[in-house]
Amino acid sequence: MEGKEEAEPSNTDSEAVGYPEHHESKLELFGFDSLVNILGLRRMTGEQIAEPSSPRDGGENISITLGRPKPIAPKLGTLMGVFVPCLQNILGIIYYIRFSWIVGMAGIGQSLVLVTFCGLCTFLTAISLSAIATNGAMKGGGPYYLIGRALGPEVGVSIGLCFFLGNAVAGAMYVLGAVETFLDAVPKAGIFKASATITNGTSLNGTTTTVYSTNIHDLQVYGIVVTILLCFIVFGGVKMINKVAPAFLIPVLCSLFCIFIGIAVAPRKHAPSGITGLSLHTFSDNWSSAYQRTNSAGIPDPKGSIDWNFNALVGLFFPAVTGIMAGSNRSASLKDTQKSIPIGTLAATLTTTFMYIISVLLFGALATREELLTSRLLTAEVAWPFPVVIYVGIILSTLGAALQSLTGAPRLLAAIANDDILPVLKYFKVTETNEPHLATLFTAFLCIGCVIIGNLDLITPTITMFFLLCYAGVNLSCFLLDLLDAPSWRPRWKFHHWSLSLFGASICIVIMFLISWLFTVVSLALASLIYYYVSIKGKAGDWGDGFKSAYFQLALRSLRSLGADQVHPKNWYPIPLIFCRPWGKLPENVPCHPKLADFANCVKKKGRGMSIFVSIIDGDYIAQADEAKSACAHLSDYIEYKRCEGVAEIVVAPSVAAGFRGIVQTMGLGNLKPNIVVMRYPEIWRRENLPDIPPAFVSMINDCIIANKAVVIIKGLDEWPGEYQKQYGTIDLYWIVRDGGLMLLLSQLLLAKDAFEGCKIQVFCIAEDDAEADDLQKDVKKFLYDLRMQADVIVLSFKSWEEERGQPQQAPAESMEAFAAAQQRIAEHLAEMKAVGVSEQQVEKFLYTTLKLNSIVLRYSRMAAVVLVSLPPPPVHHPPYFYMEYMDLLVENVPRLLMVRGYRRDVVTLFT
């Protein structure tokens, strides 16, 4: 785009890379600003570019010159950026001081299974990591960033905090490993002494042997001192750490080289008798397992406190294969993250796994089982030419790994805090250029607390749980994204499949339970508690996570499965369309009548269902588009404030009637279209002389009837009870016409709410003849019994207009006064309009029927909590003004009334 725009420069000064004020662009036809496009593209790639001032803002002859970029630190490639850090983190303390012991305890056969099983777990996780990491740019936070953006902020924060704890505890493990190695190399440096006795059951010559081991108090004292010293280095800043970190790789490579050379030339002079050199006989003897009890230092002891088995060894060994996230944590320093992370991570994983497998075979053929179990540093004993190389290598590598843990854990915590999801972490927030000193201090306290425990074998299973939980999160993230296959899921790493990710996550869970079901339950409970806390106290963050995509696809699939067929009455849910047009004025900043939201909650059982709040803005859509968007956002906020589950829609139309007609026809999809239209009765139309309301109101009711929508019109909305306003008395239903049971169902839904739970239902049925009253009452009672509804049934006789014509009316005085006034207004209107096809006799009949029904309601239900009555349809050929007169007479003096009209579908059923 940039090149095309610069291909034909104007005649003005265009030698510099800039954009003159009147530069003609081929894209101007489409309304694009080339400068804005360039800045937008650079922001998408992650570059921070300051907003340039625009000539339109008052500047003259201002050009934007890109110029030379600011000097930045050199980027790292795959080798030094990913492979080496992963190799440093994977090859740690476990290999040097525990791996030969594991071979002696599990035997060669089960050790191969152990290495393969754990290596498969990290290999599958590395594949999932490669897929997610190559699906876009990465920011700080490592696995927290990947999991949070894939599974949502709640899951990301919960697993991220657990991973932070795992890194902090891992720092303590590395410190203890370095101290233990130092004390083994220099026994005189120990302040305390300890001993362990091996009985003749494990000794080759059948005698009792005493072996001295490091005291736990020495580990604690030296460990605290070393941790404090490392913290001082960490406080020096990440630049110092990055300069020192590469030097730790040389001792590791030298020590590995010395170990393998020593194995090849073993046994050397003065070597222990247990080191036989590479021997098939020794290989055969060490093939099977020899699980037994040991003391806390790992020395075999029949009275030891620890009983080892394969599951326990999984927990001990698994930290030796962790560290595959080291490359992703350095994504900001990589030249090409989408190339380096997959290649470097998988190469380090495969290299170390292959080395572990070869080491199992070599250690198993090198020394006797007793030597494998009792020699605390067999790698130093066999190293060529001097054991001190191994000691120096172990100490430097473990201290370097501890330094990386104390560096990475605070930055992970700071990344979680910077996302501002959990307010309690606000104290750990830092800017990009500052060091997370407070997070570092907090990590140091955690690390010192774990060092005080002092037992390496008790700490490693805890680390294993946290790391496995993180790896399971990465696998589940890739599984979800791969299974959903959204258009945005386009990873450059193609060698992945959702089944591999699911298998990797399953292995992680299996390993967790193999190690300890108790630790697994505790770690999952901790993550669940954090998840629950974040969901309650955390701030909402829309990261486009996979769960939202899953919800969307599930909704689409459910919608397709529902189709457009008629919903069975057993599965019928009310989906009210709440018409927010107030028919009057509302307070400022209140987009909807407050009681409409309360009523919407009343027609949903236990909050199930969805409400659609709509409002109409009169005018032209192009001119009112921005106002409509602002009004829709305001209405959505108000719905959330009222705790009503629903969505907001604003429609711009030339008139209310036209806008509502479009809403009724198009709102919703399939069977998720609204089935009940709820609106307020326009009581103010005559008082405020609003002649436009009757035509719009009648048009809306007719549109609902044609579109087969049920209608609920609320009279007395201002008096509708709130959530905590208890109502007593009755809910009276005047069941006049068959409505599919909607009126009965609404009464039951009202009764289920706290405000109406103290009421009882009365059903009034209208009989045209007294002889039919008894049979009608029995039939209605039986019908209600079959519907599992409790209600009192009252049958009233209703004489027709022809039978009572000319007889004195028996109605309340206020109703008679309203009746007479309506007659006079209609007569005047008839004289003025000279309507064709309107019979005065029919108008009088409608008025009388309405008056009769109003009289019955006032007689029996004046003190009812709420009255429900069937809504009469607008008569054909009657002007809208006449229908409003009928409705005014019907609702006269009734404080709270619901006029209900069902539709051509049953909403209740007798059958189970």
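Presented here is a report on the structure given in the accompanying data block. (Residues numbered from 1 in each chain as written. Predicted model: local features only at pLDDT ≥ 70, side-chain atom pairs only at ≥ 80, totals over all residues. Heavy atoms only, no water.)

## A short note on the packing of aromatic side chains
For clarity, the cut-off: Pairing of aromatic rings covers Phe, Tyr and Trp, the last through its six-membered ring, and needs centres within 6.5 Å; plane angles under 30 degrees mean stacked, over 60 mean edge-to-face, and all others mean tilted. Counting from the N terminus, the helices are the DSSP runs of H or I reaching at least four residues and the strands are the DSSP runs of E reaching at least two. A 1.4 Å probe rolled over the protein chains alone gives each residue an accessible area, and that area as a share of the maximum for its type sets the label: buried under 20%, exposed over 50%, partly exposed in between.
Scanning all chains against the criterion turns up 28 aromatic pairs. Here the aromatic rings of F846 and Y886 are separated by 5.6 Å at their centres, their planes lie at 75°, and the arrangement is edge-to-face. Here F846, found in helix α31 (residues 840-861), pairs with Y886, found in helix α32 (residues 880-890); they are 40 residues apart in sequence, far enough to count as distant. On the basis of relative accessibility, which here comes to 3%, the residue Y886 falls in the buried class. Counting every residue linked through ring pairs, the aromatic cluster contains Y95, Y96, F99, F317, Y356 and F363.

## Describing the pattern of salt bridges
Cut-off, in case you're wondering: We define a salt bridge as a contact between a side-chain nitrogen of Lys or Arg and a carboxyl oxygen of Asp or Glu at a distance within 4 Å.
Following the criterion strictly, the structure yields nine salt bridges and no others. A salt bridge links D703 to R661; the shortest N-O distance between them is 3.2 Å. Note that D703 is positioned in helix α26 (residues 693-706) and R661 in helix α25 (residues 656-666), a separation of 42 residues in sequence. Of the residues examined, D703 reaches a relative accessible area of 9% and is grouped as buried. When its relative accessible area of 41% is taken as the criterion, R661 is described as partly exposed. Taking the shortest distance from any N to any O, the salt bridge between R680 and D718 comes out at 3.2 Å. Here D718 lies in the loop between β9 (710-715) and β10 (729-735) and R680 lies in strand β8 (residues 676-680), a separation of 38 residues in the sequence.

## What about the pairing of strand β14 (residues 897-901)?
Convention followed: Two strands qualify as a pair provided DSSP detects at least 2 bridges between them.
Summarising burial for β14: four of the five residues are buried, a large majority. Examined bridge by bridge, β9 and β14 share five bridges and lie antiparallel to one another. Paired with K715 across the bridge in β14 is L897. In this sheet, β14 lies alongside strand β13 (residues 866-870) in parallel orientation, the contact comprising four bridges. Each bridged residue has a counterpart across the sheet, and for V869 the counterpart in β14 is M899.

## Digging into unusual backbone geometry
The amide bond that connects A266 to the next residue, P267, takes the cis arrangement and shows omega of 0°. Note that P267 resides in the loop between α10 (249-265) and α11 (280-285). A cis amide bond links W384 with the next residue in sequence, P385, at an omega value of 5°. Phi is positive for D420, close to 60°, though the residue is something other than glycine. Relative to the elements of secondary structure, D420 occurs in the loop between α17 (387-418) and α18 (437-453).

## Let's talk about the nonpolar core
Applied cut-off: Take the buried Ala, Val, Leu, Ile, Met, Phe, Trp, Tyr and Cys residues and link them wherever side-chain atoms come within 4.5 Å; each set so joined is a nonpolar core. Should any heavy atoms of two residues lie within 4.5 Å, those residues are considered in contact.
Ranked by size, the top nonpolar core spans 136 residues in total, and within it F317 and Y356 carry the most contacts. Not counting chain neighbours up to four residues away, the residues in contact with F317 comprise I94, F99, I102, L114, V115, C118 and Y356. With 58 residues, the next largest nonpolar core counts A597, L744, F756 and L787 among its residues.

## As for the packing of α25 against α26
Cut-off, in case you're wondering: Orientation is described by lines fitted to C-alpha atoms, with helices fitted over the stretch in contact, and by angles between N-to-C directions that extend from 0 to 180 degrees. By definition in this entry, angles of less than 35 degrees are roughly parallel, angles greater than 145 are roughly antiparallel, angles of 65 to 115 are roughly perpendicular, and the rest are oblique. If you view the pair so one helix is near and one far, a crossing is left-handed when the near helix is turned anticlockwise from the far one by less than a right angle, and right-handed when it is turned clockwise. When residues are grouped by polarity, Ala, Val, Leu, Ile, Met, Phe, Trp, Tyr, Cys and Pro land in nonpolar, Asp, Glu, Lys and Arg in charged, and all others, Gly among them, in polar.
Between α25 and α26, whose axes approach to 9 Å, the crossing angle comes to 15°. Accordingly, the angle class assigned to the pair α25 and α26 is roughly parallel. Where α25 crosses over α26, the two elements pack in a sense that is right-handed. Within the contact between the two elements, α25 uses V656, A657, F660, R661 and V664 and α26 uses A696, S699, M700, D703 and C704. Its residues assigned to classes, the contact of α25 with α26 comprises seven nonpolar, one polar and two charged.

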